[in-house]
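Fold and contact review
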Amino acid sequence: MSTLTLTINKQDYQLENLDARTTLLDVCRQHLQITGPKKGCDHGQCGACTMLINGRRVNSCLTLAVMHDGDDITTIEGIGMPESLSALQQAFKDNDAFQCGYCTPGQICSATALIEEVKQNWPSHVSTDLKNPDGLLVQEIAERMSGNICRCSAYPNIIKAISQVLESQVSESQVSESSTQTTDNAVQNSSVTGIWSPPPSEAQLGRTSANNKTATATTGGRS
């Protein structure tokens, strides 16, 4: 008898004799009653089933559950619940970034990963600067979210919601990095003071003594 252990939203689930062909999406919805992820196209094209696996977004309808023993899996339920919404969920609500709501769990999971990718300066297909892409650009957000389809066409408000959180979190991250760099520089400057004046070596002392003798002799001769 084989046992599969999945860690979903920080909770361990054990499944006995699971059919190896079962997708992660079907395990969540049919076996564990975790129904936030939605089954849309079942072909990995709509993004409604998007989950985070070890922080990366994955179409759960295309990945087998048995492949993820030991992985950290997060669904929309792990991002936030009605009584404790994440900043991104609140932004979707404030900006009316959904209509029927069927695609919304996948949209928010995908956008959560997007924000982390932008913070780490990951480029996208439309990035002109591959080392320092401007993730706040509308075309950047649209490209990075292109794997998630909204059949209600709430795209403008979805981008608006993501932009709102991105601007807030990226600016906070930049302020934090600037503060850290300032602190590091201050530490370096304070540690450097007085250190880079090592005592003279024996060879330097020898040359100094010889120079002093020469100078003394020359002075004596002139007098």
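See the structure above.
The following refers to the structure shown.

Reading the values: rules and limits
- Residues numbered from 1 in each chain as written.
- Predicted model: local features only at pLDDT ≥ 70, side-chain atom pairs only at ≥ 80, totals over all residues.
- Heavy atoms only, no water.
- Salt bridge = Lys/Arg side-chain N within 4 Å of Asp/Glu carboxyl O.
- Helix = DSSP H or I, 4+ residues; strand = E, 2+ residues; numbered from the N terminus.
- Buried < 20%, exposed > 50% of the residue type's maximum accessible area, 1.4 Å probe, protein only.
- Contact = heavy atoms within 4.5 Å.
- Axes fitted to C-alpha atoms, helices over the stretch in contact; angles between N-to-C directions.
- Parallel < 35°, antiparallel > 145°, perpendicular 65-115°, else oblique.
- Left-handed = near helix turned anticlockwise from the far one by under 90°.
- Nonpolar A, V, L, I, M, F, W, Y, C, P; charged D, E, K, R; others polar.

**Remarks on the pattern of salt bridges**
Scanning the entire structure with this criterion turns up seven salt bridges. The salt bridge partner of Asp72 is Lys10, with a shortest N-O separation of 3.3 Å. Of this pair, Asp72 sits in strand S5 (residues 72-74) while Lys10 sits in the loop between strand S1 (3-8) and strand S2 (11-16), placing them 62 residues apart in sequence. Put simply, Arg57 and Glu117 hold a salt bridge, and the shortest N to O gap is 2.9 Å. Taken together, the residues Arg57 in strand S4 (residues 56-59) and Glu117 in helix H4 (residues 104-119) connect sequence positions 60 residues apart. Residue class for Glu117 comes out buried when judged on its relative accessible area of 12%. Salt bridges here are not isolated pairs; linked through shared partners, they connect Asp26, Lys39 and Asp42.

**With respect to helix H1 (residues 24-31)**
Along H1, the residues that are buried comprise Leu24, Leu25, Asp26, Val27 and Cys28. Buried residues belonging to H1 abut S1, S2, strand S3 (50-53) and S5. Trailing H1 by a residue or two, Gln33 shows a phi angle of about 55 degrees, which is positive.

**Comments concerning the packing of helix H3 (residues 87-94) against H4**
H4 packs onto H3 with a crossing angle of 125 degrees between their chain directions and a minimal axis gap of 10 Å. Taken as axis vectors, H3 and H4 run oblique relative to one another. Our pair here, H3 against H4, has a crossing hand that is right-handed. The segment H3 lies against H4, with Leu88, Gln89 and Phe92 engaging Thr104, Gln107, Ile108, Ala111, Thr112 and Ile115. Class assignment for the residues of the contact of H3 with H4 results in five nonpolar, four polar and no charged.

**A word on the environment of Asp96**
Its location among the elements puts Asp96 in the loop between H3 and H4. On the basis of relative accessibility, which here comes to 48%, the residue Asp96 falls in the partly exposed class. With 62 residues separating them in the primary sequence, Asp96 and Ile158 have C-alpha atoms 8.0 Å apart.

**Focus on the environment of Leu166**
Looking at the secondary structure, you find Leu166 in helix H6 (residues 155-192). Taking relative accessible area as the criterion, Leu166 reaches 0% and is therefore assigned buried. Note: C-alpha distance between Leu166 and Glu116 (50 residues apart in sequence) is 9.4 Å. With residues near it in sequence (within four places) discarded, Leu166 still touches Leu114, Ile115, Val118, Gly135, Leu136, Ile141 and Ser171.

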